[in-house]
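Read off the chains here:
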Amino acid sequence: MSLDRAAVQALDAADPLRPFRDRFALPPGVIYMDGNSLGALPKAARQAVERTVSQEWGAGLIRSWNDAGWMAAPRRVGDKIARLVGAAPGEVVVADSTSVNLFKLAVAALRARPDRRVILTEPGNFPTDLYVAQGVADLLPQAQVRTVPAADIAGALTPDVGLLLLTHSHYKSAHTHDMTALTAAAHDVGALALWDLSHSAGAIPVDLTAAGADLAVGCGYKFLNGGPGAPAFLYVARRHQQTLVSPLMGWLGHAAPFDFADDYRPSDGIERFLCGTPPVLGLAALEAGVDIALEAPADALAHKLKRMTGLFITEVEARCSGHGLALVTPRHGPRGSHVSFAHPEGYRIMQALIARGLIGDFREPDILRFGLTPLYLGYEDVWRAAGLIAEVLDTGAWRDQPHRIAGRVT
Ligand SMILES: *Cc1c(COP(=O)(O)O)cnc(C)c1O
């Protein structure tokens, strides 16, 4: 049943996360529903980058590697992210991109299971996950990628599987896997499980320890609000840290980088999955985003997200019926932090919405995707967004939008 404006305003007034909105610099007149692709700018990130550039770089110069904690940042920010995803200190480190981290961990995992040559994943997984898996299979003798639909994964875990590689919450549908059950099923056949948390970290509850997870990677610029191209993170459960070795053996993964020894000897801990020099400016922005996420009570976040996504689905379906929008996101059951609808004219509809200040995104071939971020969106925003979608569909205003141009960022 559709709510009226007073009812959603009452929800906002009672929302314990309401104050977080002021921590973000959002342009006026915009309802930002694309935090699943690029999180909004935390005001503290602007200050952190300014400080890092002017004081630490400008004045401190090379001394800042020690004095400003630059060298320690990958581990320090990793330990903070660990708290968001149910990992222990020393199990997460910030490094490289999600794609590169997938590569490092997938190769390390398969090398640790030399009698098992299959990487099992699902068709329609995020492209980089599939491509990296294909690249790893090309690299390692006899390795191969096998894809089976999400519902059949447990049954496809045969003894030749060395690595189960899944995205926890799907980038298009927001369908969310049962990490605990699938990890246990992978372990039953002797495989390791590698979870991509790009659409989970900072968005939905994740407990890597409780799930018995082996390996994970995730993105810094989505729900962690680390800024465009923010460095990513990786997780290796403590019990695997002595046995898994990164195939990208760079000097910062060495046990003693500043010994400048000729031969590689991996660090004892999670640092062995570092490769080269940390991206200090990106880390400064990411740390500010992560600090905000750490301040938000996890149960309040989960509650608001569930309620907001439910409200959005109800309002859009109630106000847009008859226009051919089809819900792609699970109506019941575990879902992530965005809501997707399919529509054959999805691209032009999204362009018309963006022109009206409602920023979501479009995913091929026909998906309108709306990210719902409890830290900087309120119930009234979601309710107004549904009204804008109805307006664009009722008036047919999307017909004025040009068709899509291949190759552009959508
Ligand atoms: C966004 C996303 C990535 C991004 O990888 P990059 O290396 O940062 O480009 C990877 N995997 C998934 C599932 C994602 O959603």
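The structure this text deals with has already been given above.
A brief look at the structure comes next. Nothing here was measured: the structure is a model prediction, and the numbers come from that model.

1. Quick look at the sheet that holds strand S7 (residues 215–218)
Strands in a sheet are paired, the pairing made by backbone hydrogen bonds, and the direction either parallel or antiparallel.
Logical step 1: An order of S2-S8-S7-S6-S5-S3-S4 is seen for the 7 strands of this open sheet, with the pairing classed as mixed. For this open sheet the edge positions go to strand S2 (92–95) and strand S4 (144–147), each flanked by a neighbour on one side alone. Adjacent strand axes in the sheet meet at a mean angle of 20 degrees when their direction is disregarded.
Logical step 2: Across 4 bridges, S7 lies against strand S8 (residues 232–236) in antiparallel orientation. In the strand pairing of S8, Leu215 is matched with Val236.

2. A look at helix H11 (residues 298–319)
Logical step 1: An ideal rise of 1.5 Å per residue puts 32 Å on 22 residues; H11 measures up with 31 Å between its terminal C-alpha atoms.
Logical step 2: Three or more residues of H11 are buried, namely Ala300, Leu301, Lys304, Leu305, Met308, Thr309, Leu311, Phe312, Ile313, Glu315 and Val316.
Logical step 3: On its buried side, H11 packs onto helix H1 (5–13), strand S9 (326–327), strand S10 (338–342), strand S13 (367–371) and helix H13 (379–395).

3. Observations regarding the site of the ligand
Logical step 1: With respect to spatial proximity, the complete set of residues near the ligand consists of Ser97, Thr98, Ser99, Phe126, Thr128, Asp129, Thr167, Asp196, Ser198, His199, Tyr221 and Lys222.
Logical step 2: Between an oxygen atom of the ligand and a main-chain N or O atom of Thr98, the distance comes to 3.5 Å.
Logical step 3: Here a nitrogen atom of the ligand sits 3.0 Å away from a polar atom, N or O, in the side chain of Asp129.
Logical step 4: Taken by itself the ligand offers 390 Å² of open surface, and the protein chains cover 87% of this.
Logical step 5: Those elements that place two or more of their residues in the shell around the ligand are helix H5 (98–111) and helix H6 (127–139).

4. Structural notes on the packing of helix H12 (residues 346–355) against H13
Logical step 1: At a closest axis distance of 10 Å, the pairing of H12 and H13 adopts a crossing angle of 120 degrees. Judged by the inter-axis angle, H12 sits oblique to H13. Where H12 crosses over H13, the two elements pack in a sense that is right-handed. Counting all contacts with H12, which are made through Ile349, Ala352 and Leu353, the residues of H13 involved are Leu388, Ile389, Val392 and Leu393.
Logical step 2: The residue inventory of the contact of H12 with H13, partitioned by class, reads 7 nonpolar, no polar and no charged.

5. Looking at the pattern of salt bridges
Logical step 1: Counted by the stated rule, this structure contains 23 salt bridges.
Logical step 2: Between Arg116 and Asp115 there is a salt bridge; the shortest N-O distance is 3.9 Å.
Logical step 3: The exposure class assigned to Arg116 is buried, which follows from its relative accessible area of 15%.
Logical step 4: One continuous salt-bridge network, built from bridges that share partners, spans Arg76, Lys80, Glu287 and Asp291.

6. Focus: a nonpolar patch on the surface
Logical step 1: Together, Trp57, Leu61, Ile62 and Leu281 make up an exposed nonpolar region whose accessible area comes to about 460 Å².
Logical step 2: Here Trp57 shows up in helix H2 (residues 43–59).

Criteria and thresholds
Note that residues are indexed from 1 along each chain, following the sequence as it is written. Side-chain atom pairs in this predicted model are given and counted only at pLDDT of 80 or more, local residue features only at pLDDT of at least 70, and totals for whole chains, interfaces and linings cover all residues. Hydrogens and water molecules were not included; the side-chain quantities draw on all heavy atoms of the structure. Strand pairing is defined by DSSP finding a minimum of two bridges between the two strands. Elements are defined by DSSP. Helices are runs of H or I of four residues or more, strands are runs of E of two residues or more, and each kind is numbered from the N terminus. Helix axes are fitted to C-alpha atoms over the stretch in contact, other axes to C-alpha atoms as well, and angles between N-to-C directions run from 0 to 180 degrees. Expected helix span is given by 1.5 Å per residue-to-residue step, counting one fewer step than there are residues. A 1.4 Å probe rolled over the protein chains alone gives each residue an accessible area, and that area as a share of the maximum for its type sets the label: buried under 20%, exposed over 50%, partly exposed in between. Contacts: residue pairs with any heavy atoms within 4.5 Å of one another. We call a residue near a given molecule or strand whenever any one of its heavy atoms falls within 4 Å of it. Pairs of N or O atoms within 3.5 Å make up the polar contacts considered here, provided that, within protein, one atom can donate a hydrogen while the other can accept it, and that residues adjacent in sequence are counted only when both atoms are side-chain atoms. Method for areas: the Shrake-Rupley scheme with a 1.4 Å probe, in which residue coverage is limited to the protein chains shown. These descriptions rest on fixed angle ranges, namely under 35 degrees for roughly parallel, over 145 for roughly antiparallel, 65 to 115 for roughly perpendicular, and the rest for oblique. When the near helix sits turned anticlockwise from the far one by under a right angle, the crossing is termed left-handed; a clockwise turn instead gives a right-handed crossing. When residues are sorted by character, Ala, Val, Leu, Ile, Met, Phe, Trp, Tyr, Cys and Pro go into the nonpolar class, Asp, Glu, Lys and Arg into the charged class, and all the rest, Gly among them, into the polar class. A pairing counts as a salt bridge when a side-chain nitrogen of Lys or Arg comes within 4 Å of a carboxyl oxygen of Asp or Glu. Nonpolar side chains (Val, Leu, Ile, Met, Phe, Trp, Tyr) are joined into patches within 5 Å and like charges within 9 Å, using only residues with over 30% relative accessible area and no salt bridge.

Purely geometric numbers; function is a separate question.
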